[in-house]
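Structural description and commentary
Now for the letters of each chain:
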Amino acid sequence: MTFPMPDLLPAAPEILVLVMACVVLMFEAYAVRGQADRSEIVARPRVAGYVLTLLTLLAAAGLTAFTANGVSATTFSGMFVDDAMADLLKLMTYLAGIAAAIYSRQYLADRALMRGEYFALLLFAVLGMMVMISASHLLTLYLGLELLSLALYAMVALRRDDAVAVEAAMKYFVLGALASGLLLYGMSMLYGLTGTLELNKMAATLAGGVDNPVVLAFGLVFVVAGLGFKLGTAPFHMWVPDIYHGAPTAVTLFIGSAPKLAAFAFVIRLLADGLQPAHADWQQMLAVMAVLSLAIGNLAAIMQTNIKRMLAYSTIAHMGFLLLGVMTGELNGYGAALYYVVTYVIMSLGAFGLILHLARAGFEADALDDYKGLNSRAPWLAALMAILMLSMAGLPPFVGFYAKLTVLQALVGAGWIWLAVVAVLFSLVGAYYYLRVVKLMYFDTPHSHEPVLATPGDARLLLSVNGLGVLLLGLLPQPLLALCLEAMRLTYG
Amino acid sequence: MDMKTLYLTVPLAPLAGAIIAGLFGRAIGRVGAHTVTIAGVAIAFLASILIFQDVLAGNTFNGPVYTWLTSGDLRLEIGFLIDPLTAVMMLVVTFVSLCVHVYTIGYMADDPGYQRFFSYIALFTFAMLMLVMSNNFLQLFFGWEAVGLVSYLLIGFWYTRESAIYANLKAFLVNRVGDLGFLLGIGLIWVHFGTLDYAEVFQKAPQLAERTISLIQGYPWALMTVICILLFIGAMGKSAQFPLHVWLPDSMEGPTPISALIHAATMVTAGIFMVARMSPLFELSDTALSFVLVIGAITALFMGFLGMVQNDIKRVVAYSTLSQLGYMTVALGVSAYSVAIFHLMTHAFFKALLFLAAGSVIIGMHHDQDIRNMGGLRKYMPITWITLLIGSLALIGTPGLSGFFSKDSIILATYASDLWGSGFAAFAVTAGVFVTAFYSFRMYFLVFHGPERFRHAHDTHDHEADKNGDAHGHHHGGHAAPHESPWVVTVPLILLAIPSIYAGWAYIEPMLFGDFFGSAIVVNHAAHPAMQSLAEQFHGAGAMVLHGLVSLPFWLAVAGVATAWYLYMVRRDLPEKIRRKAGILYTILERKYGFDDFNDWFFAGGARLVGGRLWRWGDVFAIDGVLVNGTARAVGRLAAVVRSLQTGYIYHYAFAMIIGVALLITWFVD
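Residues numbered from 1 in each chain as written. Chains lettered and ligands numbered in written order. Predicted model: local features only at pLDDT ≥ 70, side-chain atom pairs only at ≥ 80, totals over all residues. Heavy atoms only, no water.

Quick look at the overall build of chain B
As a reminder, the rule being used: Helix and strand assignments follow DSSP, with helices taken as H or I runs no shorter than four residues and strands as E runs no shorter than two, numbered in order from the N terminus. Three exposure classes are used, based on accessible area relative to the maximum for each residue type with a 1.4 Å probe and protein chains only: buried under 20%, partly exposed in between, and exposed over 50%. By definition, residues are in contact when any of their heavy atoms lie within 4.5 Å. Here, Shrake-Rupley sampling with a 1.4 Å probe gives the accessible areas, and only protein chains in the shown set may cover a residue.
Helix and strand content of chain B: 27 helices and four strands. Counting every position in chain B, which comprises 670 residues, the buried fraction comes to 59%. A sequence separation of at least 24 residues applies to 80% of the contacts in chain B between residues at least 6 apart. Roughly 26,300 Å² of accessible area belongs to chain B as shown, and the carbon and sulfur atoms make up 68% of that amount.

Some thoughts on the interface of chain B and chain A
By a widespread convention, an interface's size corresponds to the accessible area lost as its parts come together. The condition is simple: Buried area is calculated as the accessible area (1.4 Å probe) missing from two parts once they are joined, with the contributions of both summed. Any pair of N or O atoms that falls within 3.5 Å is considered a polar contact. Within protein, one atom must be able to donate a hydrogen and the other to accept it, and sequence-neighbouring residues count only if both atoms are side-chain atoms. Each residue gets one of three labels, nonpolar for Ala, Val, Leu, Ile, Met, Phe, Trp, Tyr, Cys and Pro, charged for Asp, Glu, Lys and Arg, and polar for the others, Gly among them.
Listed by partner, the interface residues are 24 residues for chain B and 35 residues for chain A. Together chain B and chain A conceal approximately 2,500 Å² of surface at their shared face, both sides included; 84% is due to carbon and sulfur atoms. There are one residue pair in polar contact (both at pLDDT 80 or more) connecting chain B and chain A. Going through the elements one at a time, helix H26 (595-645) and helix H27 (650-668) of chain B are the ones with two or more residues in the side of chain B that touches chain A. Per-element tally for the side of chain B that touches chain A: the top contributor is H27(B), with twelve residues. Within the side of chain B that touches chain A, the residues separate by chemical class into 18 nonpolar, four polar and two charged.

Focus on the pairing of strand S3 (residues 212-216) of chain B
Residue and element names in this part refer to chain B. Selection criterion: Here, a strand pair is defined by DSSP locating no fewer than two bridges between the strands.
The pairing of S3 with strand S4 (residues 219-222) spans four bridges and is antiparallel. Each residue of the ladder has a partner; that of Ile216, found in S4, is Tyr219. Taking the residues that link successive antiparallel strands as the turn, the S3-S4 hairpin has two residues, and the phi of Gly218 there is positive, at about 90°.

Regarding the pattern of salt bridges
Residues and elements named next belong to chain A. Using the following cut-off: We define a salt bridge as a contact between a side-chain nitrogen of Lys or Arg and a carboxyl oxygen of Asp or Glu at a distance within 4 Å.
For the structure on display, the rule yields 17 salt bridges over all chains. The partner of Glu167 in a salt bridge is Lys171, with the nearest N and O atoms 2.9 Å apart. One end of the pair, Glu167, and the other, Lys171, are both in helix H7 (residues 163-194), four residues apart, so they sit about a helical turn from each other. Lys171 sits in the buried class, given a relative accessible area of 7%. For the salt bridge of Asp444 with Lys439, the shortest nitrogen-to-oxygen distance reads 3.6 Å. Taking the relative accessible area as the measure of exposure, Asp444 reaches 19% and is therefore buried.

Here's the deal with the packing of aromatic side chains
What counts, and what does not: When two rings of Phe, Tyr or Trp (its six-membered ring) have centres within 6.5 Å they constitute a pair, described as stacked for plane angles under 30 degrees, edge-to-face for angles over 60, and tilted for the intermediate range. Criterion for a charge above a ring: Arg CZ or Lys NZ at most 6 Å from the ring centre, at most 35 degrees from the ring normal.
Taken as a whole, this structure holds 39 aromatic pairs over all chains when the rule is applied. Relative to B:Phe157, the ring of B:Tyr120 has its centre 6.2 Å away and its plane inclined at 85°; by these criteria the two rings are edge-to-face. Of this pair, B:Tyr120 sits in helix H4 (residues 114-133) while B:Phe157 sits in the loop between helix H5 (137-155) and helix H6 (162-193), and the two are 37 residues apart along the sequence. B:Phe157 matches B:Tyr120 in its accessibility class, with the two residues each being buried. Ring centres 5.0 Å apart and planes at 75° place the aromatic pair B:Phe554 and B:Trp555 in the edge-to-face group. Every member of this aromatic cluster is reached through a ring pair, and the members are A:Tyr153, A:Tyr172, A:Phe173, A:Phe229 and A:Trp239. The lysine or arginine in question, B:Arg116, covers the ring of B:Phe157, its NZ or CZ lying 4.1 Å from the ring centre.

Quick notes on the packing of helix H4 (residues 84-110) of chain A against helix H12 (residues 258-274) of chain A
Residue and element names in this part refer to chain A. Rule in force here: The axes are straight lines fitted to the C-alpha atoms, using for helices just the contacting stretch, and the angles between their N-to-C directions are given from 0 to 180°. The labels follow the angle: roughly parallel below 35 degrees, roughly antiparallel above 145, roughly perpendicular from 65 to 115, and oblique for the rest. Take the far helix as the reference: if the near one is turned anticlockwise from it by less than a right angle, the crossing is left-handed, and if turned clockwise, right-handed.
Look at H4 against H12: their axes get within 8 Å of each other, and the N-to-C directions meet at 160°. Classed by the angle they form, the pair H4 and H12 counts as roughly antiparallel. The two elements H4 and H12 meet at a crossing, and its hand is left-handed. In contact with Met85, Ala86, Leu89, Met92, Thr93 and Ala96 of H4, H12 contributes Ala258, Leu261, Phe264, Ala265, Ile268 and Arg269.

Comments concerning unusual backbone geometry
Note the cis peptide between A:Pro396 and A:Pro397, where omega equals 5°. Inspection of the secondary structure puts A:Pro397 in the loop between helix H17 (379-393) and helix H18 (399-413). The peptide bond linking B:Phe242 to B:Pro243 adopts the cis configuration, its omega dihedral lying at 0°. Structurally, the position occupied by B:Pro243 is in the loop between helix H8 (223-238) and helix H9 (247-250). Positive phi values are uncommon outside glycine, yet A:Phe76 reaches one of about 50°. A residue is classified by how much of its surface remains accessible, and A:Phe76, at 31% relative accessible area, is partly exposed. The residue A:Ala112 is not glycine, and still its phi comes out positive at about 60°.

Things to note about the confidence of the model for chain B
All names here are of chain B. The condition is simple: A residue's pLDDT is the confidence the predictor assigns to it, expressed on a 0 to 100 scale.
With 94% of its residues at a pLDDT of 70 or more, chain B shows a mean pLDDT of 81. Taken together, the stretch residues 459-478 has pLDDT below 50 and engages in 34 contacts with residues farther than four places along the chain or on a different chain. Across the predicted assembly, pTM comes out at 0.59 and ipTM at 0.83.

Things to note about the environment of A:Asp369
All names here are of chain A. Examined against the element boundaries, Asp369 turns out to sit in the loop between helix H15 (331-358) and helix H16 (374-377). For Asp369, a relative accessible area of 37% puts it in the partly exposed group. Spatially, the C-alpha atoms of Asp369 and Leu440 are 7.7 Å apart, while their sequence positions differ by 71 residues.

Focus on a nonpolar patch on the surface
Residue and element names in this part refer to chain B. Note the cut-off: Here a patch means residues that are over 30% exposed by relative accessible area and free of salt bridges, tied together within 9 Å if like-charged and within 5 Å if nonpolar (Val, Leu, Ile, Met, Phe, Trp, Tyr).
Together, Ile383, Ile386, Trp487, Val491, Ile494, Leu495, Ile498, Ile501, Tyr502 and Tyr507 give the surface a local cluster of nonpolar side chains, amounting to about 860 Å² of exposed area. Looking at the nonpolar patch, the elements with two or more residues in it are helix H16 (382-396) and helix H21 (487-513). At eight residues, H21 tops the list of elements feeding residues into the nonpolar patch. Using a relative accessible area of 35% as the deciding quantity, one classes Ile501 as partly exposed.

As for helix H14 (residues 307-327) of chain A
Residues and elements named next belong to chain A. To keep it simple, the criterion reads: By definition here, a helix of n residues has an expected span of 1.5 Å times n minus one.
Its 21 residues place the ends of H14 30 Å apart at the C-alpha level, agreeing with the 30 Å of an ideal helix rising 1.5 Å per residue. Along H14, 21 of the 21 residues are buried, which leaves the element largely enclosed by surrounding structure. Capping the start of H14, Asn306 holds a side-chain oxygen 2.7 Å from the backbone nitrogen of Lys308, two or three residues further along. Immediately beyond the C-terminal end of H14, within one or two residues, lies Gly329, with a positive phi of roughly 70°.

Below, the structure written as structure tokens:
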């Protein structure tokens, strides 16, 4: 039996990240041996992992950007694909990883978490996402998903002595296992129905008609439920607020950003690629989930007093919006959803980055009341936060407005006017809690007059770039939008 | 210079002046402001003369100069239609505007808003020119609204005066009523003609003459009648025709140059011009013409009556303007469009003259406008006296002066018409001659002749004069003698007096009976013979004067002057007695037939009542209470419910997922 050597070039960034993740792990394990005082080891921040991670992600970004040519390249016997959408999403993933690392450094150092584990896990999570993004086979998809999930479970539990964090990790793990079970069950049915795990072939088989539509519907429901969990859409959203709230903010920042990109890729690969012939069926499921998510996310966010929880619910609503773009089943809709998720990740990074920025040792800055009168204490940070909140609320001229607009246009274009109306109405409700943050910062008197601690210059700079980027992308929405639509066109057009 | 550039110069030169004076008024100072605006208007005037001569030579123009936007079949363009009708209007507008600009230097000399005022009047000139030069309904409407806006700004120019604010609000609201009709008319034209271009509309009009539309089910209306009446409602607002006339007398709150420029000579004639321009449409509907005729007749006579009891010098002239606008409208109604335009032109000269002369009197009287406090001013203000006398003689139709030719032509045309309502109109315009002569000379005698009442009457008016202490801040107390106004005031008076005398004699033959207007004005001579019978009776201007001396209107005018002389010069006790005897009649006139009271009570009060109700029930209860706060409360309750689902128990979460899957399965697997 011959086993052909696969073409490794399309997977070069993955291989690089895999190797470097192992290096960071090994370095952490061996470099500190021989130092006597354990407490000192624990307390002292170690920057090697941090630096290695940044370098790895930058190198991977270079590699991906360098090899990106808009052509789909398949390798590993059709299990792995490198196409335009994958390149764009991977680049965004690296960016999110880099931003997460930079934003988190001071926070981690303050809490004695500045060690190799966080960065090794971060790299493994990135690797998992990359595999998901490039999967063209149900096995690869599941492999990447589990790699990501396991890394995230561990990251949530990074503070082993924090009961809340551990509880959150426990919930995440159990519910994640349940979701994986549902997903695998659904996949097994699809396999039974089509006799293949390869997405392209599955689509081809389904397009030829199926003997047993009930099995297909069954399989779809379970697969969609699994997807819903990963995206965090209602009614599979229950884990989101607890995990966002319970995890250390540095981890929340990460969970709230890059994995959304991977989840989006997951949805597109599975539904738009493998199950496109069953579009009429999953479209309705997505519509139901989207409306539920918009409703629950926006309504529940209003009642929150903790900004991390509030943003968790807001994520649910945003993911509902994302589903609206996907459910159209058209190229425009996919492109709009891609644009939406990319801009959402940028906004989400900024918002959590700001929370991290305001936190200090022994103070999490995660209560809404902590933001009262922020303008008088740190006007620049307040302005950045205001930009991010207004953008998330979908106000022009910020990028969030165009993201929503594009999705709504795709929806209306596909004839789903009532869904567009529902989406707009719930966005209106959502504007309330975003604007409340702005109101707290600008019109309320602060609890404390402590100046905001001076944080590292690089994080501060990146935060400014992030916030102003949201404004700039809103003023000049066309390039990024065109890029997203083009990537989708090259991949599925 | 190419003609198209010249056409563009006419509106753009005043616009440039307006922009410079408006935006950089502080930087360029008072002299700078009046220099640029006067230069702009003077250029426009000279260009208008050139264009007029070009048009006389037979060159007309109709075409777009700039396309604003295209939406489907709807093309929105800036375009000019230059024909004799436009050329006459351009000349009148720029000439009167130029005189008013110069006059303003003297009248507003001490006003702090000097630059602003020049900017406004130059802007007005621009808007008015855009209106008259337009070749499509959109631009017409733009000019229409723009002149309305500037008029609004200028009536309220002294915005600290409550009465001025009331007056400009009133003018604005009343004009909205007219503009709504106008806009509906334009909308109907767009729907049925599919174009807004004059030429195309006029071309298609005969084909649509028989079309009917059903406003109320089962009662078809002729399309042309509806369109024309709607357009005329717009004209009623702008040209202050009964019952939308109520804003014009109050507009006298604005500075006097404005009363002359906007509220006598130009803007108020926009309605007349528009109807004349739309003559191809109006000719198709006798009903609409009768409507125009009756409205005009009512305005001509009944507004004249009101002029007889006014004591404010500007209000007398204002009611006279209303009455004369009624005359023009009557002329339109009997299809004598060229006569209407002719009267519009002569009226613009002598009415602007009357207003500016009245303004000169007001300056001389240190801003006291009550004619009961004047008298014997003749020897103090000789130039003002003689020019005002010329204006008044022209107004009442003294044979030989400009007003005679235009007004007599209107009267004759009315007699020649056999339209429904023409009998009433003929009576109204004839009786109006007596009324006009009476109120004009009542004012004249009270102001310039008789005892000098200003020496002792002033005390009672001091506070009023202070309140009105406007442009001419130098209030010397009541006892200084009136003085003649400076040359910047008197020169425009003289300039305007010249055409007031000769314009009628010189232009009646070409404008009314020659082929001057060409195709600009369309008359269906078979159905509306007024113009033809007028032409048959006309044997030259000299013969008309001779005939005028033995006709009824002349003797009515003489009787009016004589009555005024008898009542206000010989038996000065009589007016008081008549007033007491006439009781109710006098009160009716005093209260202007109760229109203002009715409007205040019904429209203003009603609107406030409805508004109050809507506010209480609609806004406070329904919108704020149920919709806004109700929604907020509902959202809050829902949010609480949603939050309570988040129990924190992992088995609840898992259960929710299972239920979700179960529901999806029941939903989609059948």
